[in-house]
Amino acid sequence: MSGRSRSSGHNRNRLGPTGMVLGLLLALPATGQAQRDQDRRVGGVPRDVTLEVTRVFNAPATRRVRGDFALAATDTVKGDLAILNGTARLEGVVHGAVVVLNGDAFLTGGARIEHALTVLGGTLGSPDRPNVGGEIRVWSARYRYHEEGDTLVAETDFFTRWSHWVREADSSGTESQLFMTTAHTYNRVEGLPIYIGPRLRVRSGETRVRTELLGIFRTGDDIAWRRENLGHRALVEVRQGNTAGLAVGGRLFDEVDAMERWQLTETEVGLNSFLFTRDYRDYWQRHGGHGYVSLFAGRGSDLTASYGEERWSARRARDVLSLVNRDIRWRANPAADEGVFRLFTLSGTFDTRTNRENPRSGWYLRGEFERGEGRYDNLGLLTEGVRPTPRLTGPATQDGVAYSRALFDLRRYNRLGPNAQLNVRAVLGGWVNGDPLPVQRRLAVSGIDALPGYDFRRMLGTADVGTCALGGESAYEALGRPAQCERIALVQVEWKGDFRVNLFGDDDDLGDRRWGIGRVRADGTWVLFANSGRGWLIDRPSGAGVPSAVDRSLTVGRNRVPDLGTWRTDLGGGFDFGDFGVYVAQAVSQSGLSPNVYVRLARRF
């Protein structure tokens, strides 16, 4: 079902004479409380409702209130209204929808809500016939969420809904849980990683304290209690402020992390792995701890500095379950560099987008700088000649190494008119100074998120500018097709316009439908795009261990960018239906390649 839902009262003229008589007879003995009971839902809150109210709360135009709220009869709210952890008493007019999360709602006879009213984790008190233009929905089940800055993140996954124990004390702002959820995403190294353990959250005014002690169990290729299936994560954080403030915290962890997180979403990676035996990320083990300080302001802007020490270890690919193509072997997980490193990281986000899910205009910038110092015990294998030969001081140890790395993802969304956009994205990153980058910090420009006209990490020639692989395809494949570039640059441009397909008409059209099955609707946007980028190695002084032949093919001076004529470029187009999109892309800077048709489970950027 798509479009804005309507209350049952708006559809009575469709029941026919018999249905109208029965409806009137049933309505005669109904009191105000009985009417409200008809609107109350039992059981857990459906995932689509949870995501809907979360979007309403996080929307920039929504008036957000934490705690109790009263709207006088002479007052109005121009748009949507969202109340979190408080009681809403409404006597005036709301020119939008109302969402009450973990609190009760009371409407007087003069109150008017032009769109829907949704109450989660509370009750509704109202006249017999409340003046609500949309559907009235009430669930007694609480709204589960956590906060990132002043943004709510709904907890909707299967395991969260099966938490074993929850104790809440609303009066003191304290919530303690035996928490159970999935970690990041399904992959060929862990299978399905699951977090389980106690979590405590305390809130007093604008001060929040969060403590977690979670064990990690990985399903792997068989469910067994052994070391490679176990891990942990502990967290303590104190946060001061609601819309702006300061957070201080610390983490201890023994977990698997992913390389190149800037490409694709967790959902896309997990579903491709589980359904089609295609994992588009690589992984390694991190064991250690760090402390951090974070400044946050506004809806999505923050600056975080962290420092810690951790041990890195390689992980192997395992024969985890997949539903389709079970006879296809998993791609080997490239061997990561191993050793102990001390890391200083400075990261930040600047976000002025109108909407995170479907931005129409605004800026988004995500940046990260990392300084690493440590010592290798073992080096992961790359194709021959990609990095200098290490200076070994013993059978398993190398001299101390230090490197700096940065990565920036900049996006600009431009609304050209009511139904058109021109969006631009630039990703720049890699080596800044010091020694060559570890395997787990190297990059590639390849695959459906970066250059969809080119197959994922497929070598073209003997020196590939997308992955910085050298030599032959068979040797590169045997290593698991690692990302090997020390620097990358990528530019993406897309032109989008709205479209609507409605074969059978719809006189109930009140909102922005994205797609539907019931009456063959397919609303969304058409997209035309172009992408261009490449990766490269750093040209170091002669005698550093890199053959001169490699210098001439893939390396570029540390203060230069490769000639634009060497970049890979593709063109394409498709249709974006919100939750998924279908596209076709053709490489134009390389001849002889067939077009790629692919599906995305998120917007391109």
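For the structure, see preceding data.
Predicted model only: the values in this text are computed from it and were never measured. (Residues numbered from 1 in each chain as written. Predicted model: local features only at pLDDT ≥ 70, side-chain atom pairs only at ≥ 80, totals over all residues. Heavy atoms only, no water.)

So, the state of the cysteines: which residues are in play, and what are the values?
Covalent bonding between the sulfur atoms of two cysteines defines a disulfide. Overall, the coordinates contain one disulfide when judged by the stated rule. Each disulfide pairs two cysteine sulfurs, and for Cys468 the partner residue is Cys485, the sulfurs being separated by 2.2 Å. Because the sign of the S-S torsion sets the handedness, a value of about 105 degrees for the bond joining Cys468 and Cys485 places this disulfide among the right-handed ones. Separated by 17 residues along the polypeptide, Cys468 in the loop between β28 (420-434) and α6 (473-478) and Cys485 in the loop between α6 and β29 (487-499) bring together distant segments of the chain. Of the two residues examined, Cys468 and Cys485, each falls in the buried class. (Disulfide = S-S within 2.5 Å. Helix = DSSP H or I, 4+ residues; strand = E, 2+ residues; numbered from the N terminus. Buried < 20%, exposed > 50% of the residue type's maximum accessible area, 1.4 Å probe, protein only.)

Quick one: what's the story with a nonpolar patch on the surface, residue by residue and with numbers?
On the surface, a nonpolar cluster with roughly 670 Å² of combined accessible area is contributed by Leu246, Val248, Val293, Leu295, Leu303, Tyr307, Phe344 and Leu346. Among the secondary structure elements, those contributing two or more residues to the nonpolar patch are β22 (244-258), β23 (283-297), β24 (301-314) and β25 (338-351). Examined against the element boundaries, Val293 turns out to sit in strand β23. (Patch = residues over 30% accessible without salt bridge, like charges linked within 9 Å, V, L, I, M, F, W, Y side chains within 5 Å. Areas by Shrake-Rupley, 256 points an atom, 1.4 Å probe, with all protein chains shown as cover. Salt bridge = Lys/Arg side-chain N within 4 Å of Asp/Glu carboxyl O.)

Run through the pattern of salt bridges, naming residues and quoting values.
Taken as a whole, this structure holds 45 salt bridges when the rule is applied. Here Glu114 ties to Arg112 by a salt bridge, and the two come within 3.1 Å at their closest N and O atoms. For Glu114, a relative accessible area of 33% corresponds to the partly exposed category. For Arg112, a relative accessible area of 31% translates into the label partly exposed. Through salt bridges with shared partners, a single ionic network connects Arg188, Glu260, Asp279, Asp282, Arg331 and Arg457.

Got a sec to walk through the side chain of Ser306? Specific residues and values, please.
Locating Ser306 in the fold gives a position in strand β24. On the accessibility criterion, Ser306 (15% relative accessible area) is buried.

Account for unusual backbone geometry, with residues named and values stated.
Residue Arg457 is not a glycine yet carries a positive backbone phi of 45 degrees. Here Arg457 is to be found in the loop between β28 and α6. A residue is classified by how much of its surface remains accessible, and Arg457, at 3% relative accessible area, is buried. A positive phi angle, close to 55 degrees, is found at Arg481, a residue other than glycine.

Requested: an account of the environment of Gly86, with residues and values cited.
Looking at the element boundaries, Gly86 is found in the loop between β5 (81-84) and β6 (88-90). With a relative accessible area of 6%, Gly86 lands in the buried category. Taking the C-alpha atoms as reference, Gly86 lies 7.7 Å from Leu101; in sequence the two are 15 residues apart. Ignoring sequence-local partners within four residues, the contact set of Gly86 consists of Gly67, Asp68, Val100, Leu101, Asn102, Gly103 and Asp104. (Contact = heavy atoms within 4.5 Å.)

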